[in-house]
Amino acid sequence: MNYLIGPIRELLTMDGLPEQGPIADELLQPVPNAGILFDENGIVETGDFESLKAKSTEQPIKIIELKDDFVCLPGFVDSHTHICFGGSRARDYAMRTAGKSYLEIAAEGGGILDTVRQTRKATQEELTAGILKRIVRHLSEGVTTCEVKSGYGLSVNEELKMLRAIQQANSKTPADLIATCLAAHKHPFDFEGAKQEYLAEVIEKLFPVLKDENLCSRIDAFVEQEAFQAEDVYNYFKAAKELDFDITVHADQFTATGSAVAAEHGAVSADHLETSTNKEIQLLAESGVVPVVLPGASLGLGCNYAPARKLLDAGLPLVIASDWNPGSAPMGDLLCQAAILGAAEKLSAAEIFAAITYRAAAALKLTDRGKLVKGQKADFILFPTSDYREILYNQGKLKPEQVYKNGQKIN
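Residues numbered from 1 in each chain as written. Predicted model: local features only at pLDDT ≥ 70, side-chain atom pairs only at ≥ 80, totals over all residues. Heavy atoms only, no water.

Student: Tell me about the pattern of salt bridges, and please be specific about residues and values.
Tutor: Enumeration according to the criterion identifies 25 salt bridges in this entry. The closest approach of N and O atoms between lysine 371 and glutamate 19, which form a salt bridge, is 3.0 Å. Residue lysine 371 is found in the loop between α15 (358-363) and β14 (380-383), and its partner glutamate 19 is found in the loop between β1 (2-11) and β2 (31-39); the two are separated by 352 residues along the sequence. We classify glutamate 19 as partly exposed; its relative accessible area is 44%. Salt-bridge contacts for lysine 399 lead to aspartate 333; the nearest nitrogen and oxygen are separated by 2.6 Å. Pair noted here: lysine 399 is in the loop between α16 (389-393) and β15 (402-405) and aspartate 333 is in the loop between β13 (319-320) and α13 (334-345), with a separation of 66 residues, a long-range link. Salt bridges here are not isolated pairs; linked through shared partners, they connect Asp176, Asp368, Arg369, Lys377, Asp379 and Lys405. (Salt bridge = Lys/Arg side-chain N within 4 Å of Asp/Glu carboxyl O. Helix = DSSP H or I, 4+ residues; strand = E, 2+ residues; numbered from the N terminus. Buried < 20%, exposed > 50% of the residue type's maximum accessible area, 1.4 Å probe, protein only.)

Student: Please give an account of the UniProt feature "domain: Amidohydrolase" (unreviewed entry) in the protein that cites residues and values.
Tutor: The UniProt record marks residues 116-404 with the feature "domain: Amidohydrolase" (unreviewed entry), using the residue numbering of this structure. Spanning residues 116-404, this segment combines 45% helix with 15% strand, and its end C-alpha atoms are found 35 Å apart. (UniProt positions renumbered as here; feature names shortened; annotations may be inferred.)

Student: Pulling in residues and values, what's your account of the domain arrangement of the protein?
Tutor: Domains assigned within the protein are domain 1 (2-75 + 370-409) and domain 2 (76-364). Put simply, the middle of domain 1 and the middle of domain 2, counted by C-alpha atoms, are 30 Å apart. At the junction of the two partners, domain 1 supplies 33 residues and domain 2 supplies 32 residues. For the pair domain 1 and domain 2, the summed buried surface comes to about 2500 Å²; carbon and sulfur atoms form 67% of the total. Area buried by domain 1 at its contact with domain 2 is led by Ile23, Leu392 and Lys405, which between them contribute 24% of it. (Domains from an automatic or database assignment. Contact = heavy atoms within 4.5 Å. Buried area = accessible area lost by both parts, 1.4 Å probe.)

Student: Mind laying out the pairing of strand β9 (residues 218-222), listing which residues take part and the relevant values?
Tutor: Buried residues dominate β9, accounting for five of its five residues. The two faces of β9 match: Arg218, Asp220 and Phe222 on one face and Ile219 and Ala221 on the other face are all buried. Note on the crossover from strand β8 (residues 176-184) through helix α7 (residues 195-212) to β9: the handedness is right-handed. Here β9 runs beside strand β10 (residues 246-251); their pairing, made up of five bridges, is parallel. Its bridge partner being in β10, arginine 218 is matched across the sheet by aspartate 246. Crossover β9 to β10 through helix α8 (residues 230-242) is right-handed. (Right-handed = clockwise from strand over helix to strand, strands pointing away. Pairing = 2+ DSSP bridges.)

Next comes the structure, spelled out in structure tokens:
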């Protein structure tokens, strides 16, 4: 059965826009009084609602007629999250806003390793329930595809527990959850050997299970002084690529060290980039690595935003993700963060929408979503307004009133 929804006051298909570099708002060209003809397999056609409606006399079409004004966008893609975790880090946040540093908080039992302890205490079923609770909210806010990392297990068995929880959650939600293994998040507090010995154990004992159980196709590492450095992850990423995993890197968050690692290993993306300079930006541009910026972490830590404007002006395909996690980025509101970053970095509406739709899909190597054109997934969201500019103007407070995933209405 085909369905036709409309009339939509403004339809932003995101089609025909540049894959890289700056985008002027004049290129958006919203389709007025539009309709989307779709089925469960994807979008059949978009265009003028009345013209599409006339086709209902030629073939069976169920019409979903909209009485109010709506602006329609593709479903959002959040390409970097940590929504599989146990416990809370509210204590950390209170300490941070009171003036304590990242290292001071860690010394008092906080930080990533605190979440590791709490995640290890959680059962797989409890982790699955936590993911599902968070993805329900994400879906209601227009995120129809969401990357989810492990990284709070930091042992073979605990990382497997997390990745199985992500897989289990994916089977229970309409959203698409894209799993990433972040076993190289931090050196485990209870592993007696050196960092490279820990990573060697992950290569030997975890990577084969990831393949056997089809738990993920992506490998990540946190490249930073207090995590893993370039020499630590060299063999790790080399082994991952030999097994046909895609590579992504937590890069340049506190020091500008990770971009070079991402470029050297042919990573799909380098994520964070708060300390990237012109040198790192040029390196990313030359290597074809997608830059993913995470304004939620900047808000949570009270630090500078990544140089989003410079990344775009260097011809890169800027992506914005939420980094939703229990420590540095607990907000998890992708649209709010994107709007705030846009004001700070002087991004056009077109650049922001591209960064959370088709360019974000590309950061996950997904080619079947992010645009509302024939053959793409029927993932689309309807905002209760007549002007697309209202969405970012309201800085995330204007939420979608209707969300469709794979042609099914979610809310």
